[in-house]
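Here is how the chains run, residue by residue.
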Amino acid sequence: QKEVEQDPGPLSVPEGAIVSLNCTYSNSAFQYFMWYRQYSRKGPELLMYTYSSGNKEDGRFTAQVDKSSKYISLFIRDSQPSDSATYLCAMSAVAGGTSYGKLTFGQGTILTVHP
Amino acid sequence: DVKVTQSSRYLVKRTGEKVFLECVQDMDHENMFWYRQDPGLGLRLIYFSYDVKMKEKGDIPEGYSVSREKKERFSLILESASTNQTSMYLCASSFSGVGVGQYFGPGTRLTVT
């Protein structure tokens, strides 16, 4: 079983829809949770970053972490065609202070928002 | 803005050739990483470095080596390229410390024929 599972999709929604992207994980030591967005033929860019459980909002994007269920989500409100990309979740844990910033990634979900 | 640059966007090499992929970051980050990204397999860590001249194996180091002679530069070397190393290669960097995000370069699409 992979440490981080993410539904690869693809996910296709009409413009204006609310999008929900999700990841589950098995390592209870994960405390830092990130979402990356990757446009076609580009490198991933850090979209949002949360620590431990709770919500974080940034414009149309909301990240949720439920550590008790080992489940994280990214919600996109009023989705736009420019949101079409691959979204990757990523996580990290403290491991005796020697994690060196290593991240564990989900496989990525391909999202298409059509006009 | 953090900037991570990679030496080539597209590269075509022949089987058996030695291949160098270079990555440079301009934010004085301690950590640097090399990943490969393949459809259905996601991002897989090849090697990382947490300091100059220091390196650690990632999940799939076989067939690769790395070099970090200067803090801002991290090179990935394919000693003898093979067709199964055809992939997208991504470099990333981050500050030291726990739980910080990584910043990625644009990637190099390597094709080995």
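Up top is the structure these notes are about.
To start, this report covers the structure provided alongside it. (Residues numbered from 1 in each chain as written. Chains lettered and ligands numbered in written order. Predicted model: local features only at pLDDT ≥ 70, side-chain atom pairs only at ≥ 80, totals over all residues. Heavy atoms only, no water.)

**Thoughts on the side chain of Ser 75 of chain B**
All names here are of chain B.
Next, step 1: With respect to the helices, strands and loops of the structure, Ser 75 is situated in strand S8 (residues 73-78).
Next, step 2: Relative accessible area serves as the criterion here: at 9%, Ser 75 is assigned to the buried category.
Next, step 3: In contact with Ser 75, other than residues within four places in its own chain, are Leu 21, Glu 22, Trp 34, Ser 65, Val 66 and Ser 67. (Helix = DSSP H or I, 4+ residues; strand = E, 2+ residues; numbered from the N terminus. Buried < 20%, exposed > 50% of the residue type's maximum accessible area, 1.4 Å probe, protein only. Contact = heavy atoms within 4.5 Å.)

**Focus: the state of the cysteines**
Next, step 1: Scanning the entire structure with this criterion turns up two disulfides over all chains.
Next, step 2: Between Cys 23 of chain A and Cys 89 of chain A runs a disulfide, and the two sulfur atoms are separated by 2.0 Å. Taking the sign of the torsion about the S-S bond as the criterion, the disulfide between Cys 23 of chain A and Cys 89 of chain A, at about -105°, is left-handed. In this pair, Cys 23 of chain A sits in strand S3 (residues 19-25) while Cys 89 of chain A sits in strand S9 (residues 85-93), placing the two residues 66 residues apart along the sequence.
Next, step 3: Sulfur-sulfur distance for the disulfide between Cys 23 of chain B and Cys 91 of chain B comes to 1.9 Å. Between Cys 23 of chain B and Cys 91 of chain B, the S-S dihedral sits near -75°, and the bridge is therefore left-handed. (Disulfide = S-S within 2.5 Å.)

**Things to note about the sheet that holds strand S1 (residues 4-6) of chain A**
All names here are of chain A.
Next, step 1: An order of S1-S3-S8-S7-S6 is seen for the five strands of this open sheet, with the pairing classed as antiparallel. Whereas interior strands pair on both sides, the edge strands pair on one side only; in this sheet they are S1 and strand S6 (54-58). On average, each strand axis in the sheet is inclined to that of its neighbour by 15°, with strand direction left out of account.
Next, step 2: Of the strand pairs in this sheet, S3 and strand S8 (residues 71-76) are connected by six bridges, and their pairing is antiparallel. Following the sheet pairing, Ser 20 is matched in S8 by Phe 75. (Pairing = 2+ DSSP bridges. Axes fitted to C-alpha atoms, helices over the stretch in contact; angles between N-to-C directions.)

Keep in mind these numbers describe shape, not what the thing actually does.
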